[in-house]
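Spelled out, the chains give:
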Amino acid sequence: ATATAPVAFDAFITCDENMFVVSACKKVATASVPFSPLFIYGASGCGKTLLTECISGAATGRVVKMSGAQFVSEFTRSLKEHNVFAFKDFCRKCDTFILDDVQALSGKRASTDEFMQLIVDLRNAGKNVVLTANAAPNNLTGFDRHAQSLLASGLVADVVAPNAYVKSVMLRRAGVTSDVADALCARIANDGHMISGVAKKIRAYVDLMGASVDMSV
């Protein structure tokens, strides 16, 4: 398999509202931090997963990164196959642990209990923990008060949806002129997934047609 190139922080276009969360992510990537876990929350398309990829790409030491659904699946399988201790060791033998979409653990008591203990163990060992979710810890459903408290015990930071500036830069990076980018911004929702999809179509058009994208297209 071909190795995926690390994602640099330059890939995340920062607006003023996201300076704080980006600074926190950069700090996590460079050293052990006193505010573990770093809990990043925001709506779909805000760039939470991209930020975790940036941390993973820039971090020193071993990084374990998985989605909430993957954690539940792997933990459940380890129980069925009677090798739960191997799973525990895998998650703990790292310098930075990243879990994307914590809300996937909602209502899954055994997986949640295991994950809460993992957070405690990693933090006690001086390891960094980074979590993302679609809501702040106190607004997550399917988690008891103890779990919500632990999730919020480090640094909680929100990431806002792409504004006009961010959308324009994303589109200009795809190869369109400023006037085209500005015109498209007014028609595209503030959703990073949708903007990325438009940018990919633009790159494909430029590559396949051998022509630039301007207001006449």
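About the cut-offs
Residues numbered from 1 in each chain as written. Predicted model: local features only at pLDDT ≥ 70, side-chain atom pairs only at ≥ 80, totals over all residues. Heavy atoms only, no water. Core = buried A, V, L, I, M, F, W, Y, C linked by side-chain atoms within 4.5 Å. Buried < 20%, exposed > 50% of the residue type's maximum accessible area, 1.4 Å probe, protein only. Helix = DSSP H or I, 4+ residues; strand = E, 2+ residues; numbered from the N terminus. Contact = heavy atoms within 4.5 Å. Salt bridge = Lys/Arg side-chain N within 4 Å of Asp/Glu carboxyl O. Polar contact = N/O pair within 3.5 Å; in protein donor to acceptor, adjacent residues only side chain to side chain. Axes fitted to C-alpha atoms, helices over the stretch in contact; angles between N-to-C directions. Nonpolar A, V, L, I, M, F, W, Y, C, P; charged D, E, K, R; others polar.

Student: Would you take a moment to explain the nonpolar core for this structure?
Tutor: Note that soluble globular proteins tend to have their nonpolar side chains buried in a common cluster. Counting 28 residues, the largest nonpolar core has Phe-71, Phe-97, Leu-99, Phe-115, Leu-131 and Leu-151 as the members making the most contacts within it. Counting only elements with at least two residues in this core, the list comes to strand S2 (63-67), helix H3 (68-80), helix H4 (84-92), strand S3 (96-100), helix H5 (109-124), strand S4 (128-133) and helix H6 (145-151). If one sorts the elements of this core by residue count, H5 sits on top with five residues. Ignoring any residue separated from it by four or fewer positions in sequence, one finds Leu-99 in contact with Met-66, Ser-67, Gly-68, Phe-71, Leu-105, Phe-115, Val-130, Leu-131 and Thr-132. In this structure, Phe-12, Ala-24, Cys-46 and Ile-55 belong to the second largest nonpolar core, which totals 20 residues.

Student: Just to check I follow, could you spell out the pattern of salt bridges for this structure?
Tutor: Where charged atoms from two side chains of opposite charge come close, those side chains can pair. Taken as a whole and assessed by the stated rule, the structure comprises six salt bridges. For Lys-127, the salt bridge goes to Asp-95, with nearest N and O atoms at 3.7 Å. Placement of Lys-127 in the loop between H5 and S4 and of Asp-95 in the loop between H4 and S3 is noted, with a sequence separation of 32 residues between them. If you follow the salt bridges from partner to partner, you end up with Lys-88, Arg-92, Glu-114 and Asp-121 in one network.

Student: What is the right way to read the side chain of Asn-18 from this model?
Tutor: For Asn-18, the location among the structural elements is in the segment before helix H1 (19-30). The exposure class of Asn-18 is buried, given its relative accessible area of 3%. At 2.8 Å, the side chain of Asn-18 and the backbone nitrogen of Val-160 are in polar contact. If near-sequence neighbours (up to four positions away) are discounted, Asn-18 is found in contact with Phe-12, Asp-158, Val-159 and Val-160.

Student: So what exactly am I meant to see when it comes to the packing of H3 against H4 here?
Tutor: Relative placement of two packed helices is described by the angle separating their axes and the distance separating the axes. Interaxial distance between H3 and H4 falls to 7 Å at its minimum, and their mutual angle equals 145 degrees. Only Val-84, Phe-87 and Cys-91 of H4 make contact with H3, whose side of the interface consists of Phe-71, Glu-74, Phe-75, Ser-78 and Leu-79. A per-class count over the contact of H3 with H4 returns six nonpolar, one polar and one charged.

Student: Hey, could you run me through the environment of Ala-174 in this one?
Tutor: When you line up the elements, Ala-174 lands in the loop between helix H7 (164-173) and helix H8 (178-185). Sequence separation between Ala-174 and Ser-149 is 25 residues; the distance between their C-alpha atoms is 42 Å.

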